[in-house]
Amino acid sequence: MDRVCSAWFGKGFKDQVAVPLWAQRIVVAWLSKAEWDQVTVYLFSDQHKLQRYALNRISAWRSRLGNELPLAVASTADLVRCKLMDETGAWGTDELRLLYGMALVRFVNLISERKTKSVKLPLKFLAQEVNIPDWIVELRHQLTHKKMPHISDCRRGCSYVLDWLQRAYWSRQMENSLREDSELEEDKEETDEDDQEEENKVDITEQKLEPKHAENGEEQDVSAAGDSKGNKELEGHLEKAQRQKELYERTRELLVSYQQEQFKVLEKFRHLPQAIKAWNNLSPPVQCILDELKGITSANREAVLDALLDNGFLIPTFEQLAVLQIEYEDEQTEVQRGEGTDPESHKNVDFSDMVVPKPFSHFWQPLLRGLHSKMFTQALIERMLFELPALGSSGVRCTYILRWTVELIVANTKTGQNARRFSADQWEARKNWGLFNCSASLDWIHVVESCLGSACWASPQLLQVPGS
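Caption draft 1: Region of the structure containing the overall build of the protein chain. The number of helices and strands found in the protein chain is 19 helices and 2 strands. Among the 468 residues that make up the protein chain, the fraction classed as buried is 43%. Within the protein chain, counting contacts between residues at least 6 apart in sequence, those at least 24 apart form 73% of the total. Of the roughly 26000 Å² of accessible surface on the protein chain, a fraction of 50% belongs to carbon and sulfur atoms.

As structure tokens, then:
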């Protein structure tokens, strides 16, 4: 992944953190760090006026840097401009498809533009390394070689790529900006005493000149007041982003610790049935992890959801599946060793038997059961429903997002007519979770609305799952 990120973000991407701040002096097109941060916030604002202002600033940067403008900045500007032109309603469908198409093709091509000069890798693999789904690459292929896709597909691709750019590039730049501010403040504290005398001399000189420039001072005060308001708003965004990052990173650390504790149990008993029984009896370390995660959830639920749905946690890696003796075949079907596989296409998948493989489900049940509440579990289900349209119909991530969605719906269904429609596997999963006796009842109407609002190939089958 590092090699692809280096090709996309520039040669020095990986080494930026290691280089001392004083050595990072380069010529840039933006006037100051404040202007960069302002453009970052405005680009992803809901107000068209602010977005146009950000695009005008990027146009100015482009005139200064030419082809040296960061590729991610150029792609973001192209895609935001497409959305603005679309929302004005002044352009026809064919014109919009061409605009979206050019911006999306450029984005995908730029991922591999630098790296493929030295390493020949298929574009699909390069995209997977930076978490860009196959359907984006296929959309680019259609735009380039086949019949032009529907305008709704172009809009969906644009929204996904903009979200990817915000997470993978702009948010990282803002985090680096906060880190630099912290380092600069430390340097400033060390030199404050040395500079105090010079500041006093400057203050005396300014006092002598004050009567002469009183009117100019009043104008500067008005300008400073306006800048101060904008800076406070920007600082609020930066502080919120920094707090979100800290909680997200801490959550990942706790999830890694949880995995280590669970694997210790598996290593001790060596047989899955015995390990599953031990997992259900929370050890003191796991209980401490769970208690801290509950605190983070109450402070910022989104940070916990982001971490849980990262690859390597609720979305397993191939190594994790191998340890739990779960085989994954043909990118759509995974079974426990010793069972048969049925390589059917997604159109023929039977959702009545779709649940998370038992070992993996039991591995995470203690943590998810401990975090269970109406707000958290419902937010987790809705987050997975929202992500499904961008995942296509194959791959580990798509498979496990679907399976966790179905299993959590089943686990939270109370007794009644819906529960009687469960398959044998779903009945067993529901019994293992034991959540149906919990007082927390999900808002099923809102769950259905979320499913309809994020329509994809799986939506009709999901709506038929008992409970939903």
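Caption draft 2: Focus on helix H14 (residues 358–371). With 14 residues, H14 should cover 20 Å at 1.5 Å per step; its first-to-last C-alpha distance of 20 Å lies within 8% of that length. The axis of H14 is deflected most strongly, by about 45 degrees, at glutamine 365, and proline proline 366 appears within four residues downstream. Burial runs high along H14: 11 of the 14 residues are buried.

Caption draft 3: A look at the packing of helix H2 (residues 33–43) against helix H3 (residues 48–65). Following both chains from N to C, one finds H2 and H3 inclined at 135 degrees, their axes separated by 8 Å at the closest point. Judged by the angle between their axes, H2 and H3 are oblique. In the packing of H2 onto H3, the handedness of the crossing is left-handed. Along its contact with H2, which presents Glu35, Trp36, Gln38, Val39, Tyr42 and Leu43, the element H3 presents Leu50, Gln51, Tyr53, Ala54, Leu55, Arg57, Ile58 and Trp61.

Caption draft 4: Representation of unusual backbone geometry within the structure. Positive phi, close to 60 degrees, is recorded for glutamine 325, a residue that is not glycine. When you line up the elements, glutamine 325 lands in the loop between helix H13 (318–323) and strand E1 (326–329).

Caption draft 5: Local environment of the environment of isoleucine 381. Mapped onto the secondary structure, isoleucine 381 falls in helix H15 (residues 374–387). Between the C-alpha atom of isoleucine 381 and that of threonine 405, which follows or precedes it by 24 residues, the distance is 5.8 Å. Not counting residues within four places of it along the chain, the set of residues in contact with isoleucine 381 comprises Thr405, Leu408, Ile409, Leu442 and Val447.

Caption draft 6: Expanded view of the nonpolar core. Counting residues in hydrophobic clusters, the biggest one holds 61 residues, and the most contacted among them are Trp279, Trp364, Leu367, Tyr400 and Trp404. Broken down by secondary-structure element, the contributors of at least two residues to this core are helix H9 (214–269), helix H10 (272–279), helix H11 (284–299), helix H12 (301–308), H14, H15, helix H16 (396–411) and helix H18 (444–453). Considering every element that reaches this core, the biggest residue donor is H16, with 10 residues. Within the second largest apolar cluster, 50 residues are counted, among which are Val41, Tyr100, Leu104 and Val108.

Caption draft 7: Structural view of the packing of H11 against H14. With their axes 10 Å apart at the nearest point, H11 and H14 run at an angle of 45 degrees to one another. Classified by the interaxial angle, the pair formed by H11 and H14 is oblique. When you trace H11 past H14, the crossing you get is right-handed. Where H11 approaches H14, its residues Leu290, Leu293, Lys294 and Thr297 are matched on the opposing element by Pro366, Leu367, Gly370 and Leu371. Here the contact of H11 with H14 is composed, by residue class, of 5 nonpolar, 2 polar and 1 charged.

Rules of the game
Within each chain, residues carry numbers counting from 1 in the order of the written sequence. Whole-chain, interface and lining totals are the exception, using all residues; otherwise, since this is a predicted model, local features are given only for residues with pLDDT of at least 70 and side-chain atom pairs are given and counted only at 80 or more. Side-chain descriptors were evaluated using all non-hydrogen atoms of the structure, hydrogens and water having been removed beforehand. Runs of E in the DSSP output that reach at least two residues are strands. Runs of H or I that reach at least four are helices, and both are numbered from the N terminus. Classification of residues uses two cut-offs on accessible area relative to the type maximum, computed with a 1.4 Å probe and protein chains only: under 20% is buried, over 50% is exposed, and between them is partly exposed. Contacts were defined at the residue level, with two residues in contact if any of their heavy atoms lie within 4.5 Å. Only the protein chains shown count as covering a residue, and every accessible area follows the Shrake-Rupley method with a 1.4 Å probe. Every helix has an expected span of 1.5 Å times one less than the residues it contains. Note that bend, as reported per residue, equals the angle between axes fitted to the 7 residues terminating at that residue and the 7 residues originating from it. A fitted line through C-alpha atoms represents every axis, and for helices the fit uses only the stretch in contact; the resulting angles, taken between N-to-C directions, go from 0 to 180 degrees. Convention used here: angles under 35 degrees read as roughly parallel, angles over 145 as roughly antiparallel, angles from 65 to 115 as roughly perpendicular, and any remaining angle as oblique. Crossing handedness: left-handed means the near helix sits turned counterclockwise from the far one by under a right angle, and right-handed means the same turn made clockwise. For this analysis, a nonpolar core means a set of buried residues of the types Ala, Val, Leu, Ile, Met, Phe, Trp, Tyr and Cys, connected via side-chain atoms within 4.5 Å. Residues are grouped as follows: Ala, Val, Leu, Ile, Met, Phe, Trp, Tyr, Cys and Pro are nonpolar; Asp, Glu, Lys and Arg are charged; every other residue, Gly included, is polar.

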